[in-house]
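Survey of secondary and tertiary structure
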Amino acid sequence: MINNIKGTKDILPNESQLWQYVENKIHNFFKLFGYSEIRTPKFEDTKLFNRSIGEDTDIVSKEMYSWIDQGGNNLTLKPEVTASVVRSIIQHKLNYSNKINKLYYIDSLFRRERPQKGRFRQFEQFGIEAIGSDYPEQDVEVISMAYYFYKEMGLDNLKLKINSIGSKETRIKYKKALHEFLFDEQDKLTDTSKKRLISNPMRILDTKVDFEIEIIKDAPHIIDYLSPDEKEHFQKILNYLDQLNINYVIDNMLVRGLDYYSKTVFEIQSDLLGAQSALCGGGRYDYLIEELGGKPTPAIGFAAGIERLIIALNDNFKIPEKHSDIYIVSIGEKAIEKSIEIAKNLRCRKNLSVITDNLRQSMKSQMKEANKLNVQQTIIIGEEEIKNNKLIIKDMKSGDQEEIDCDKVETYFK
Ligand code: AMP
């Protein structure tokens, strides 16, 4: 037997209804803010991710599904969406034709991580990218969209963590200070952190190792290194969040894993998730478009895992059940022929959902199935009905039955 690959999953019919519900909510909710959907390919040139996410990150150094195709191209299954969206913006010059591009997406991503609850090797993300404004009101729009979306889905106890990691210049100064602080402690660090101390000491702040968390507790805070403009930008965001009554905590250790972030970074967590507590994360990436060859354009976005949202919604979340409208019970060859025709007409002309029996079951079994499927009405066509060119319509709630002419069936269902 061949099973699915570790870290992937099947979404079976009993679950797909909830997925569709969530996806519809995403489409409708983000449109309220004037965002339009963008869809980019599932795989891209490997260079795109090496350059944007950063060679030094976990994603690029060990998690990408990359291969050389028969034409010698080095390709990678998309491990995150922002790089692809930015590539598309540059390629189609959308940042020339529109002053601002407000985009959202739903997409499948691939990372060779260690699978656990809330962490998969193929997973689904939704997210937004707002490209063109460097004002703090844009930051707040993006952060609040994530926050309100989870509220709209019925999640409480959200924890919004926010920080500013400043400009490149700020980070140079800060990295120097952090390096000095960690230098004396380097013997105590893990091998990974020792390497990062040289390549990018800020990544050490991301550590999940307890004794390292203890060490970095007293590390300098990047917020203290921000320029006056960056401080003002950050403070404005906090003021707007206060105005919207959105609670937040400033987390000095929040730097986010990817290289391309600048200024604002944020994460929303839920205590319903266990170890993988982040529902979503995002931030500004004011340099990325230029770094990938486009004209300098400020931008901010977030990405959110759908599996984690579904875990947080848990079993108590009930979506309104949608049942089929009609079940056609048919007995005998001629009745089957008739049922195929009636089903087609009711679906196409009356927009009704109609189920037919394709197993040639007994009348009793078909009625039992109609009951189980919770349809509103059953159309019964037996040999007797065929002879008289009639059919029976049974209302499943009241149990009332009515016999009508076969050719009246469409007008019967208004
Ligand atoms: P990231 O792109 O790493 O910033 O992640 C953004 C969000 O995507 C996270 O907050 C999670 O909700 C989700 N996510 C990231 N990696 C995984 C994964 N391996 N499996 C499931 N969800 C993930």
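Thresholds applied
- Residues numbered from 1 in each chain as written.
- Predicted model: local features only at pLDDT ≥ 70, side-chain atom pairs only at ≥ 80, totals over all residues.
- Heavy atoms only, no water.
- Pairing = 2+ DSSP bridges.
- Helix = DSSP H or I, 4+ residues; strand = E, 2+ residues; numbered from the N terminus.
- Contact = heavy atoms within 4.5 Å.
- Axes fitted to C-alpha atoms, helices over the stretch in contact; angles between N-to-C directions.
- Domains from an automatic or database assignment.
- Buried area = accessible area lost by both parts, 1.4 Å probe.
- Phe/Tyr/Trp six-rings, centres within 6.5 Å; stacked < 30°, edge-to-face > 60°.
- Lys NZ or Arg CZ within 6 Å of the ring centre and 35° of its normal.
- Buried < 20%, exposed > 50% of the residue type's maximum accessible area, 1.4 Å probe, protein only.
- Near = heavy atom within 4 Å.
- Polar contact = N/O pair within 3.5 Å; in protein donor to acceptor, adjacent residues only side chain to side chain.
- Areas by Shrake-Rupley, 256 points an atom, 1.4 Å probe, with all protein chains shown as cover.
- Nonpolar A, V, L, I, M, F, W, Y, C, P; charged D, E, K, R; others polar.
- Core = buried A, V, L, I, M, F, W, Y, C linked by side-chain atoms within 4.5 Å.
- Salt bridge = Lys/Arg side-chain N within 4 Å of Asp/Glu carboxyl O.

Here the focus is the sheet that holds strand 6 (residues 122–131). Judged by pairing direction, the sheet is mixed, and its 8 strands sit side by side in the order 1-5-6-11-10-9-7-8 without closing on themselves. The open sheet has two free edges, formed respectively by strand 1 (36–37) and strand 8 (249–250), since each of these has just one partner strand. Alignment of strand 1 against strand 5 (residues 101–110), held across 2 bridges, turns out to be parallel. Directly across from Glu 37, in strand 5, lies its bridge partner Tyr 104. Helix-sheet contacts for helix 10 (residues 228–243) involve strand 7 (158–164), strand 8, strand 9 (262–270) and strand 10 (278–284), and the interaxial angle to strand 7 is about 160°.

Domain boundaries assigned for the protein yield domain 1 (13–166 + 226–314), domain 2 (170–223) and domain 3 (326–412). Using only C-alpha atoms to locate each centre, domain 1 and domain 2 end up separated by 25 Å. At the interface, 23 residues of domain 1 touch 14 residues of domain 2. A buried area of about 1,500 Å², summed over both sides, lies between domain 1 and domain 2, and 49% of it is on carbon and sulfur atoms.

As a further point, take the packing of aromatic side chains. One pass over the structure, following the stated rule, counts 17 aromatic pairs. The ring of Phe 120 carries Lys 9 above its face, with NZ or CZ at 4.8 Å from the centroid. Here the guanidinium or amino end of Lys 168 rests over the ring plane of Tyr 287, the centre of that ring lying 4.4 Å away.

Let us now look at the pairing of strand 7. Most of strand 7 sits inside the fold, with 6 of its 7 residues counted as buried. Bridge analysis of strand 7 against strand 9 gives 7 bridges, and the strand direction is antiparallel. For Leu 160, the partnering residue across the bridge sits in strand 9 and is Ile 268.

Take the site of the ligand next. In the vicinity of the ligand, 14 residues are found, and the nearest of them are Arg 111, Glu 113, Phe 120, Arg 256 and Leu 279. At a separation of 2.6 Å, an oxygen atom of the ligand approaches a polar side-chain atom of Arg 256. Measuring from an oxygen atom of the ligand, one finds a backbone N or O atom of Cys 280 at 3.5 Å. Protein coverage of the free-state accessible area of the ligand, which is 480 Å², stands at 91%. Of all the elements, strand 10 adds the most residues to the shell around the ligand, at 3 residues. In the shell around the ligand, the residues fall into 6 nonpolar, 3 polar and 5 charged.

Let us look at the nonpolar core. Counting residues in each nonpolar core, the largest one holds 46 residues, and the members touching the most others are Phe 30, Phe 126, Tyr 150 and Phe 302. Looking at this core element by element, the count peaks at 8 residues for helix 6 (residues 136–152). With near-sequence residues (within four places) excluded, Phe 30 lies in contact with Tyr 35, Tyr 104, Phe 126, Ile 128, Met 145, Phe 149 and Phe 302. Counting residues in each nonpolar core, the second largest holds 44 residues, with Ala 83, Leu 109, Ile 215 and Tyr 260 among its members.

The 5 strands lie next to each other as 13-12-14-15-16, forming an open sheet whose pairing is mixed. Each edge of the sheet is formed by a strand with only one pairing partner; in this case those strands are strand 13 (354–356) and strand 16 (401–405). Each adjacent strand pair in this sheet contributes to an overall mean axis angle of 25°, direction not counted. Of the strand pairs in this sheet, strand 12 (residues 326–330) and strand 14 (residues 377–381) are connected by 5 bridges, and their pairing is parallel. Paired with Ile 328 across the strands is Ile 379, a residue of strand 14. Along the sheet, helix 14 (residues 363–372) makes contact with strand 12, strand 14 and strand 15 (390–395), crossing strand 12 at roughly 175°.

Taken as a whole and assessed by the stated rule, the structure comprises 28 salt bridges. A salt bridge links Asp 58 to Lys 62; the nearest nitrogen and oxygen atoms lie 3.9 Å apart. Of the two residues, Asp 58 and Lys 62 both sit in helix 3 (residues 58–63), 4 residues apart, roughly one turn of that helix. Assessed through its relative accessible area of 26%, Asp 58 is described here as partly exposed. Classification of Lys 62 by relative accessible area gives exposed; the value is 57%. A salt bridge links Asp 58 to Arg 196; the nearest nitrogen and oxygen atoms lie 2.9 Å apart. Of this pair, Asp 58 sits in helix 3 while Arg 196 sits in helix 8 (residues 191–199), placing them 138 residues apart in sequence. Exposure remark for Arg 196: the relative accessible area of 13% places this residue in the buried category.

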